Amino acid sequence: MTEYVTVTSDAPLVRTGAIKLHGPEAFAGMHAAGRLCAETLDMLVPHMVPGVTTGEIDRMIHDFVVARGGTPATLGYRGYTHSSCISINHVVCHGIPGDRALKSGEIVNVDVTPILDGWHGDSSRMYLIGDVPLKARRLVDVTYECLMLGIEQARPGNTMGHVAHAIQRHAEGHRYGVVRDFCGHGLGRLFHDAPEVVHVGRPGTGPELKPGMIFTIEPMINIGRPDVKLLEDGWTAVTRDRSLSAQFEHSIGITEDGCEIFTTSPAGLDRPPYAA
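Peer 1: Would you explain the overall build of the protein in this entry?
Peer 2: Along the backbone of the protein there are four helices and 19 strands. Over its C-alpha trace the protein gives a radius of gyration of 18 Å, about what one expects of a compact globule, namely 19 Å for 276 residues. With respect to the principal axes defined by its C-alpha atoms, the protein has extents near 50 × 45 × 35 Å. Counting across all 276 residues of the protein, residues that qualify as buried make up 54%. Looking at the protein alone, contacts between residues at least 24 apart form 69% of all its contacts between residues at least 6 apart.

Next comes the structure, spelled out in structure tokens:
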């Protein structure tokens, strides 16, 4: 049975397995952290071009977040040594920045999680590098649609299964595979918390959505099969069939009559192609 707990300002920062229900102070903190997160992804738009390395992108992210009073949550997290995850083509998630230069025709996901005043903003977007084939562009479009269809179902009285079903139905309707091995998560003063937010399921299953819940929705959609494998670095997940993969992520909070998205782009750059 799902357990819920109302969070107070003096509550200890621990994972108990219970789903936290937050108040207005938390929503304000998440809006601020989410805006920094979105502004960071906005900042990257003119820099996501052929020839730039993933390490250069990561340094831009670090400097941008720190200059605005934030801290990259991934830096030092479980031994991770970078300020972002950058996943190219068939990399599903958790791609490690380095010397790899981006090439025309590639699709790239950038995932950032700045901490601002103790609150975590968490979002990722896809970027189209140079002249991207129509097949890849279509995958990116459908993946964004999956995210937004899931968010439409995020309201009190529905369940996580409603969110998952909307995503799965749309993706599989285009004959794409929905990754099962990774999911969204609760968020707030903790980077990862209850509940798990899976992206396949049936309406009426999973935890009921209640006002005050804060979590991410982050579907990973593959052109091919949903199966993934982890590389030897212990972080990078790739499609087993090497088919292209795309992902979008927003952080949201459940309200009395729906939900609020904390990580919407203030510049209107939520999906490519971007015209910054």
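That shown, we press on.
Peer 1: When you look at unusual backbone geometry in this model, what are you seeing that I'm missing?
Peer 2: The phi torsion of most residues other than glycine is negative, and most of the peptide bonds are trans. Of note, the bond from Ala194 into Pro195 is cis; its omega dihedral lies within 30 degrees of zero at 5°. Note on placement: Pro195 falls in strand 12 (residues 193-197). At Asn89, a residue that is not glycine, the phi angle is positive and equals roughly 55°. Along the polypeptide, Asn89 turns up in the loop between strand 4 (85-88) and strand 5 (91-93). For Asn89, a relative accessible area of 19% corresponds to the buried category. For Arg175, which is not glycine, the phi torsion reads 65° and is therefore positive.

Peer 1: Explanation requested: the pattern of salt bridges in the structure shown.
Peer 2: Any two side chains of opposite charge can pair if their charged atoms end up close together. Using the criterion set out here, one finds eight salt bridges in the structure. With its nearest N and O atoms 3.0 Å apart, the salt bridge here joins Arg225 to Asp227. By relative accessible area, which is 56% here, Arg225 ends up exposed.

Peer 1: Is there a simple way to think about the pairing of strand 9 (residues 123-128) in this case?
Peer 2: In the case of a regular strand, side chains alternate between the two sheet surfaces. Summarising burial for strand 9: six of the six residues are buried, a large majority. The side-chain alternation of strand 9 yields two buried faces, one formed by Ser123, Arg125 and Tyr127 and the other by Ser124, Met126 and Leu128. Bridge count for strand 6 (residues 107-112) against strand 9 is six bridges, and the pairing is antiparallel. Bridge assignment links Ile107 to a residue of strand 9, and that residue is Leu128.

Peer 1: Is there a simple way to think about the nonpolar core in this case?
Peer 2: Nonpolar side chains tend to gather and get buried jointly when the protein is soluble and globular. Counting residues in each nonpolar core, the largest one holds 68 residues, and the members touching the most others are Leu44, Met48, Val110, Tyr127, Phe215 and Ile217. It is helix 1 (residues 24-44) that contributes the most residues to this core, nine residues altogether. When near neighbours in sequence (up to four residues on either side) are disregarded, Met48 contacts Ile57, Leu102, Val108, Val110, Tyr127, Leu128 and Ile129.

Peer 1: So what exactly am I meant to see when it comes to the packing of aromatic side chains here?
Peer 2: Aromatic rings considered in pairs are described by the distance between their centres and by the relative angle of their planes. Summed over the entire model, instances satisfying the criterion amount to five aromatic pairs. Look at Tyr127 and Tyr274: their rings are 5.4 Å apart centre to centre, the planes differ by 55°, and that puts the pair in the tilted class. With Tyr127 in strand 9 and Tyr274 in the segment after strand 19 (259-261), this pair connects stretches of sequence that are 147 residues apart. Take Tyr127: its relative accessible area is 1%, and that puts it in the buried class. In this structure, Arg68 is placed above the aromatic ring of Phe64, and the distance from its NZ or CZ to the ring centre is 3.6 Å. Just above the ring of Tyr4 sits the side chain of Lys210; from NZ or CZ to the centre is 4.0 Å.

Peer 1: Could you clarify how one ought to interpret the pairing of strand 4 in this entry?
Peer 2: Side-chain alternation along strand 4 places Cys85 and Ser87 on one buried face and Ile86 and Ile88 on a second face that is also buried. Relative to strand 6, strand 4 is paired through four bridges, and the arrangement is antiparallel. In the sheet register, Ile88 faces strand 6, and the bridge partner there is Val108.

Peer 1: Looking at this model, I keep getting lost on the sheet that holds strand 3 (residues 71-72). Mind explaining?
Peer 2: Strands pair in a sheet through their backbones, by hydrogen bonds, and they do so in one of two ways: parallel or antiparallel. A sheet is described by the order of its strands in space; here three strands give the open sequence 3-7-8, paired in antiparallel fashion. At either end of the open sheet lies a strand with only one pairing partner, and these are strand 3 and strand 8 (119-120). Note: strand 3 against strand 7 (residues 114-116), two bridges, orientation antiparallel. Each bridged residue has a counterpart across the sheet, and for Pro72 the counterpart in strand 7 is Pro114.

Scoring rules and cut-offs
- Sequence positions are assigned chain by chain, starting from 1 and proceeding in written order.
- Under the rules for a predicted model, residues below a pLDDT of 70 receive no local features and side-chain atom pairs below 80 are neither given nor counted, while totals for whole chains, interfaces and linings still include all residues.
- Heavy atoms from the whole structure form the basis of all side-chain values; hydrogens and water molecules are not counted.
- Secondary structure elements follow DSSP: runs of H or I of four or more residues count as helices, runs of E of two or more count as strands, with numbering from the N terminus.
- Every radius of gyration here is taken over C-alpha atoms, with the globule rule written as 2.2 Å times N^0.38, N being the number of residues.
- Between buried and exposed lies partly exposed: a residue is buried under 20% and exposed over 50% of the maximum accessible area for its type, with that area taken using a 1.4 Å probe on protein chains only.
- Working rule for contacts: check all heavy atoms of both residues, and any pair within 4.5 Å makes them a contact.
- The rule for a salt bridge is simple: a side-chain nitrogen of Lys or Arg has to be within 4 Å of a carboxyl oxygen of Asp or Glu.
- A strand pair is defined by DSSP finding two or more bridges across the two strands.
- By convention a nonpolar core is built from buried Ala, Val, Leu, Ile, Met, Phe, Trp, Tyr and Cys residues, the set being connected through side-chain atoms within 4.5 Å.
- Aromatic rings from Phe, Tyr and Trp, with only the six-membered ring used for Trp, were paired whenever their centres fell within 6.5 Å, and each pair was classed as stacked if the ring planes differed by under 30 degrees, edge-to-face if by over 60, and tilted otherwise.
- Both a distance and an angle decide whether a charge sits over a ring: NZ of Lys or CZ of Arg must be within 6 Å of the ring centre and within 35 degrees of the ring normal.

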